[in-house]
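# Results of the structural survey
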Amino acid sequence: MDSFLIKGSVPLHGEVAISGAKNAVLPIMAATLLTAEPCVIRRVPNLSDVKFMGQILTWLGAHVRFEGDSVHIQARKIKGAGDYDLIRKMRGSICVMGPLLGRLKKAAVSLPGGCVIGARPINLHLKGFAALGAKVMIENGYVHASAKRLVGSAMFLGGRAGSTVLGTANVMMAATLAEGVTVIESAACEPEVVDLANFLIAMGAQISGAGSPTLTITGVKELHGAEHEVIPDRIEAATYAIAAVATNGEITLRGARADHLRAVLDKLKDAGAGIERRGADITIRRNGRLKPVDITTLPYSGFPTDVQAQMMALMTLTPGISIITERIFESRFMHVSEMTRLGADIEIEGPSAIVKGGKPLSGAPVMASDLRASAALVIAGLAARGTTQVNRVYHIDRGYENIDGKLRQLGARIERIEES
Ligand code: EPU
């Protein structure tokens, strides 16, 4: 397994181009299953998760061709069951279920297991499919959903932690080909859901209210092929922004969407960052001393859970006490013990991490446990004195396009040690 060797304490300077959003492109690729016609998706990041999704669609019968940063997909004929090993490898693949149900009126995929960040149930996805008239069954580890006809209805898809991103995506995709009107209350408002809705609208779907908690979908008989450019990745942008502040550098994020980053930029400002916007560019630097901030993760437009670990890395460098509360996933603090190995002082109390920051970090070997935890360890390593080895970086390759190359361009001393 590859690892990164980082020689820290180098301020990052320069420009970084933000790639297409992983969490937008995965459901958008799945949505191409809703039509027999060809679709083209642009600004597709080169990530292992995207490749996996390509393999799943191929296995289901679609023709998938990557070309530069585009992917051409045509699902002329498809089958209704997903490759179980592939679906297990990537949780995002559950979102083939809605399109399969919409188009074929039947779908079977293996029940995704839990993962290191928490239990990851899919009860709300299934509740939505059932509300559309599907019979949903779990048998031998597989979820089966089938219906003679799908019929639109009003449903509430809120759960313990609020809305569900992929649950909303899945039910919205199935509802595009249902008879009549579907209203999803407590729908996820994330920009990735809006991007998917825009792609579906380009395919001929009738959807209103995307980006609000009430999503209305009027079913149509069929969808057609479409072209779409994916939104920039707000989590990637946030990660580089935090790295700039953590290393006392200055970075311009090229092609970012500040309107998708309000909660993060607001907290960075409170923490002592200077932020300037020029069109689609955001320049971020440290403005004097860092200040502690308290953060609670929430569904959009609140502070994203996918940036919690990276922000914690910054708070370990900030003199004073910061309290970081995770409200979306129950065990998303796997990075804490690894940050402690770098000298951070963090205590966990229930859903909160109490960070006593300001002691200098010093390099050490650490283990990446999931995608965002890995990004946080890279940030900590960039700011630490000495050398940090981040092991198991395959996690980071799932969601950050060429992160070591992009960081090197910004002046970081980071090297990929390839597994022999
Ligand atoms: N939940 C349920 N029942 C469900 C679905 C979700 O109780 O049927 C709960 C979850 O347990 C969690 C909360 O609802 O407590 C929110 O989960 P959500 O369904 O929104 O998460 P997701 O759709 O499975 C996507 C992203 C995650 C991101 C979350 C939250 C993709 C492929 N994944 O997951 O991204 O953390 O939304 O914003 O879009 C990442 O990129 O590192 C990542 C984990």
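Refer to the structure above for everything that follows.
Since this is a predicted model, take the numbers as computed values, not measurements.

### A short note on the sheet that holds strand β18 (residues 320-325)
- Sheet architecture is open: four strands sit in the order β17-β18-β20-β19, paired in mixed fashion. In this open sheet, the two strands that pair with only one neighbour each are β17 (295-296) and β19 (345-349).
- Each of β17, β18, β19 and β20 (352-357) touches helix α10 (residues 308-316); the most contacted strand, β20, lies at about 30 degrees to it.

### Thoughts on the site of the ligand
- Residues in contact with the ligand amount to 23 residues; listed here are only the nearest, Asn123, Leu124, Thr164, Asp306 and Ile328.
- Residue lysine 22 places a side-chain N or O atom 3.1 Å away from an oxygen atom belonging to the ligand.
- When the ligand sits alone it has 830 Å² of accessible area, and the protein chains cover 92% of it.
- Of all the secondary structure elements, the ones that give two or more residues to the shell around the ligand are α1 (22-31), α5 (123-131), α6 (165-175) and α12 (371-383).
- With three residues, the single largest contributor to the shell around the ligand is α5.

### Some words on the pairing of strand β3 (residues 38-42)
- Note that β3 and strand β5 (residues 70-74) share four bridges and pair antiparallel. Looking at the pairing, proline 38 lines up with glutamine 74 of β5.
- The sheet contact formed by β3 and strand β13 (residues 227-229) spans three bridges and is parallel. By the bridge assignment, arginine 42 is partnered in β13 with glutamate 229.

### What about the side chain of arginine 234?
- One can find arginine 234 in helix α8 (residues 234-246).
- According to the relative accessible area criterion, arginine 234 is buried, its value standing at 10%.
- At 2.8 Å, the side chain of arginine 234 and the side chain of glutamate 192 are in polar contact.
- Setting aside residues up to four positions removed in sequence, arginine 234 forms contacts with Glu190, Pro191, Glu192, His260, Leu261, Tyr300 and Pro304.

### Let's talk about the environment of histidine 224
- Among the structural elements, histidine 224 can be located in the loop between β12 (214-218) and β13.
- Note on histidine 224: relative accessible area 34%, which makes it partly exposed.
- Note: C-alpha distance between histidine 224 and alanine 202 (22 residues apart in sequence) is 8.4 Å.
- Setting aside its immediate chain neighbours within four residues, histidine 224 contacts Thr35, Glu37, Ala202, Met203 and Gly204.

### Examining unusual backbone geometry
- Serine 301 follows tyrosine 300 through a cis peptide bond whose omega is 10 degrees.
- Within the element layout of this structure, serine 301 appears in the loop between β17 and α10.
- The backbone of arginine 43 sits at a positive phi, close to 60 degrees, despite the residue not being glycine.
- One non-glycine residue, asparagine 402, lies in positive phi territory at about 50 degrees.
- Among the structural elements, asparagine 402 can be located in the loop between α13 (394-397) and α14 (403-409).
- The exposure class assigned to asparagine 402 is partly exposed, which follows from its relative accessible area of 46%.

Definitions and limits used
Residues numbered from 1 in each chain as written. Predicted model: local features only at pLDDT ≥ 70, side-chain atom pairs only at ≥ 80, totals over all residues. Heavy atoms only, no water. Pairing = 2+ DSSP bridges. Helix = DSSP H or I, 4+ residues; strand = E, 2+ residues; numbered from the N terminus. Contact = heavy atoms within 4.5 Å. Axes fitted to C-alpha atoms, helices over the stretch in contact; angles between N-to-C directions. Near = heavy atom within 4 Å. Polar contact = N/O pair within 3.5 Å; in protein donor to acceptor, adjacent residues only side chain to side chain. Areas by Shrake-Rupley, 256 points an atom, 1.4 Å probe, with all protein chains shown as cover. Buried < 20%, exposed > 50% of the residue type's maximum accessible area, 1.4 Å probe, protein only.

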